[in-house]
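Structural overview for review
Next come the chains, spelled out residue by residue.
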Amino acid sequence: MINLSDLPFCRAYIIIRAVHTALVIGVPLVLITQDTELRRAVYYFERPIYAICYLLLLTFSLVMYFLACLVNPGYIETPCKTQPMRSKHCEDCKKCVRKYDHHCHWLETCVGERNHRFFWLFLLSISALILWTISITWNAIVYRLEWLYFSA
């Protein structure tokens, strides 16, 4: 019988993953409701490639996040006393992991042999998304400041 408390999505992990998903989706939604380049691209189709690329990057970062979270990092089923090389016991998960890198509290799982590439793709995609979002926000602020100066 499956013990639900052993599944990664049945503990407090769901709160962390829900908060991450809400942030990743919520910030662009706020940007779409304001007078930004993203709003002009999405609502008015002024730059459809811009909107499509942003939404694809957002989707890709979410998919990589959930793959990094939910893919088995390489847990070892045998007792930890007979560990293979480069495996380590994680104090947070209470399990041994092959090619253990670290326990990521944002993913709320270990990063190991099987989810390491998804973790790096997540980091790269979320970094690009953050930089792009900062750029959109900065351009909206500069646009508003120019508007204020010209109207005075």
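Preceding this paragraph is the structure being described.
The text that follows walks through the structure, step by step, so that each part is easy to find. (Residues numbered from 1 in each chain as written. Predicted model: local features only at pLDDT ≥ 70, side-chain atom pairs only at ≥ 80, totals over all residues. Heavy atoms only, no water.)

This next bit is on the overall build of the chain. Regarding its fold elements, the chain presents four helices and four strands. Ordered by position in the sequence, the α and β elements of the chain form the string α-α-α-β-β-β-β-α. Every one of the 152 residues in the chain was classed for burial, and the buried ones make up 34%. Here the analysis covers contacts within the chain between residues at least 6 apart in sequence; of these, 51% occur between residues at least 24 apart. When the accessible area of the chain is evaluated, it comes to approximately 10000 Å², of which 70% is carbon and sulfur surface. (Helix = DSSP H or I, 4+ residues; strand = E, 2+ residues; numbered from the N terminus. Buried < 20%, exposed > 50% of the residue type's maximum accessible area, 1.4 Å probe, protein only. Contact = heavy atoms within 4.5 Å. Areas by Shrake-Rupley, 256 points an atom, 1.4 Å probe, with all protein chains shown as cover.)

As for its position among the elements, serine 61 is in helix α3 (residues 48-70). With a relative accessible area of 1%, serine 61 lands in the buried category. Of note is the side chain of serine 61, whose polar atom sits 2.8 Å from the backbone oxygen of leucine 58. Among all residues touching serine 61, those that are not within four sequence positions of it are Val24, Phe122, Ser125, Ile126 and Leu129. (Polar contact = N/O pair within 3.5 Å; in protein donor to acceptor, adjacent residues only side chain to side chain.)

Another point: the side chain of asparagine 115. Structurally, the position occupied by asparagine 115 is in the loop between β4 (109-111) and α4 (116-151). Of the polar contacts made by the side chain of asparagine 115, one reaches the backbone nitrogen of glycine 112; its length is 2.8 Å. Setting aside chain neighbours within four positions, we find asparagine 115 in contact with Ala68, Val71, Asn72, Pro73, Thr109 and Cys110.

For α3, with 23 residues, the first-to-last C-alpha span of 33 Å sits near the 33 Å given by 1.5 Å per residue. Of the residues making up α3, those classed as buried are Tyr50, Ala51, Tyr54, Leu57, Leu58, Ser61, Leu62, Met64, Tyr65, Ala68 and Cys69. (Expected span 1.5 Å × (residues − 1).)

Counted according to the given criterion, the structure contains four salt bridges. Close ionic contact of arginine 40 with aspartate 35 constitutes a salt bridge, the shortest N to O distance being 2.9 Å. Residue arginine 98 pairs with glutamate 113 through a salt bridge whose shortest N-O separation is 3.0 Å. With arginine 98 in the loop between β2 (95-97) and β3 (102-104) and glutamate 113 in the loop between β4 and α4, this residue pair connects regions lying 15 residues apart in the sequence. (Salt bridge = Lys/Arg side-chain N within 4 Å of Asp/Glu carboxyl O.)

The next point concerns the packing of aromatic side chains. We describe a pair of aromatic rings using the distance from one ring centre to the other and the angle between the two ring planes. Evaluated as defined, the whole model comprises six aromatic pairs. Seen from their ring centres, tyrosine 54 and tryptophan 132 are 5.1 Å apart, and the 80° between their planes marks the pair as edge-to-face. Residue tyrosine 54 is located in helix α3, and its partner tryptophan 132 is located in helix α4; the two are separated by 78 residues in the primary sequence. On the accessibility criterion, tyrosine 54 (0% relative accessible area) is buried. (Phe/Tyr/Trp six-rings, centres within 6.5 Å; stacked < 30°, edge-to-face > 60°.)

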